[in-house]
Amino acid sequence: MKKITSVILALALCLSCMMVFTACGEEEKAEGFTVGVCQLMKHDSLDQATQGFKDALEAKMKEAGKSVTIDVQIPGDTTMCGTIVKTFVTDKVDLIMANATPALVSAASATSTIPVLGTSVTDYEDTFQGNIPANVSGTSDAVPFAEQAQMMIDTLGLVEGDVVGVLYCTGESNSKLQYEAVKALFEEKGIVVEQYTFSETTELQAVATSMASSCKAVYIPSDNTVAQNDALVGNICSNANVPVFTSYGGKICYASLAIDYYQLGYETGVMAADILLNGKKPADMEIKILEPTTVYNEELCGKLGITVPEN
């Protein structure tokens, strides 16, 4: 009987410990969140967006007395995005932030239950062919293409017959979308548009060199692959005295009408906090678009002989 009693007491003690550990685990889960970030590749715009996201989300969590663990992964190419987001799904993260279109497509394909927020994505409707998944929302880096085209025409004095080159990677669907948009706008003014495309970064130098020798000006859409290597493009065009205008801003453009990518990421972080803290559903959240700002690079403008407007 003493042995039986001892066994019963031991079992009761084990059960009690299990209940305590389970309760502690549930309490810990209730107090903290885990967020996975898949940033397509490393370059200034995407880096700023991720930093803005982290700063906003951590600030909101601190205000609410909660903790958050943010796991940032940078695959470097499209194919690895799928592997990273599948790991996030397996780890049962509370939310996935996808920085750039390929990362967003991978995340949306990997889960229909975990909330997914995109950033640095131009067109959600086009990306998902008009059927955005219910667990997806985010922020867009879309900019007014008509205003960008007109800004180049006005500041460079482009006239009918002038040639503008558009450089982008064929692997990025949003870049092609932007190419088609600015092509139509320039051609309305009689300006000739030539596309210069590449699929591998090893081709970029030759393509950019050919473009700089044939065009009066260059337009670069929000293309992640070009942005990652834009110093190379900027040097080639600058040496040929060809002004570069980018849709995303950056150091190589003589001027830009672009959004602030840090602020874009920050707004995404605010949305993430609303989902995690307040139970907001992505399906009920509109895609946010920021107002662009006009910036001139005075040093480049001086070198290229471009007059910066007084206002």
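Source: prediction; values computed, not measured.

1. Remarks on the layout of surface pockets
Part 1: Empty space within the largest pocket amounts to approximately 440 Å³.
Part 2: Along the wall of the largest pocket there are 23 residues; nearest its centre are Asp 44, Tyr 248, Gly 249, Gly 250 and Lys 251.
Part 3: Among the secondary structure elements, those contributing two or more residues to the lining of the largest pocket are α2 (44-64), α10 (230-239), β10 (255-258) and β12 (293-296).
Part 4: Here the residues of the lining of the largest pocket are counted per class, giving 11 nonpolar, 8 polar and 4 charged.
Part 5: Within this model, the second largest pocket holds a volume of roughly 240 Å³.
Part 6: Lining the second largest pocket are 13 residues, and of these Met 41, Thr 78, Cys 169, Ser 199 and Thr 225 sit closest to its centre.
Part 7: Split by residue class, the lining of the second largest pocket holds 4 nonpolar, 6 polar and 3 charged.

2. Looking at the sheet that holds strand β4 (residues 116-121)
Part 1: The sheet built from 6 strands is open, its strands ordered β2-β1-β3-β4-β5-β11 with parallel pairing. In this open sheet, the two strands that pair with only one neighbour each are β2 (67-73) and β11 (288-289).
Part 2: For strand β1 (residues 32-39) and strand β3 (residues 95-99), the ladder comprises 5 bridges, and the chain directions are parallel. Counterpart to Gln 39 in the pairing with β3 is Asn 99.
Part 3: Across the sheet, helix α4 (residues 101-110) lies against β1, β3, β4 and β5 (136-140), angled at about 160 degrees from β4, the strand it touches most.

3. Topic: the packing of aromatic side chains
Part 1: One pass over the structure, following the stated rule, counts 4 aromatic pairs.
Part 2: Seen from their ring centres, Tyr 219 and Phe 245 are 6.0 Å apart, and the 10 degrees between their planes marks the pair as stacked. Here Tyr 219 is found in strand β8 (residues 217-220), whereas its partner Phe 245 is found in strand β9 (residues 244-246), with 26 residues between them in sequence.
Part 3: When the ring of Tyr 262 is compared with that of Tyr 266, the centres are 6.3 Å apart and the planes differ by 40 degrees; the resulting orientation is tilted. Of this pair, Tyr 262 and Tyr 266 both sit in helix α11 (residues 261-278), 4 residues apart, roughly one helical turn.
Part 4: We classify Tyr 262 as partly exposed; its relative accessible area is 29%.
Part 5: What links up through ring pairs into an aromatic cluster is the set Tyr 219, Phe 245 and Tyr 254.

4. A short note on the pattern of salt bridges
Part 1: In the structure shown here, the tally under the stated rule is 5 salt bridges.
Part 2: The partner of Glu 267 in a salt bridge is Lys 288, with the nearest N and O atoms 3.4 Å apart. One end of the pair, Glu 267, is in helix α11; the other, Lys 288, is in strand β11, with 21 residues separating them in the sequence.

Cut-off values and rules
Residues numbered from 1 in each chain as written. Predicted model: local features only at pLDDT ≥ 70, side-chain atom pairs only at ≥ 80, totals over all residues. Heavy atoms only, no water. 1 Å grid on protein atoms, 1.4 Å probe; cavity = no way out; pocket = protein on both sides within 12 Å on 5 of 7 lines; lining within 4 Å. Points joined across faces, edges and corners; volume = space filled by probe spheres on them. Helix = DSSP H or I, 4+ residues; strand = E, 2+ residues; numbered from the N terminus. Nonpolar A, V, L, I, M, F, W, Y, C, P; charged D, E, K, R; others polar. Pairing = 2+ DSSP bridges. Contact = heavy atoms within 4.5 Å. Axes fitted to C-alpha atoms, helices over the stretch in contact; angles between N-to-C directions. Phe/Tyr/Trp six-rings, centres within 6.5 Å; stacked < 30°, edge-to-face > 60°. Buried < 20%, exposed > 50% of the residue type's maximum accessible area, 1.4 Å probe, protein only. Salt bridge = Lys/Arg side-chain N within 4 Å of Asp/Glu carboxyl O.

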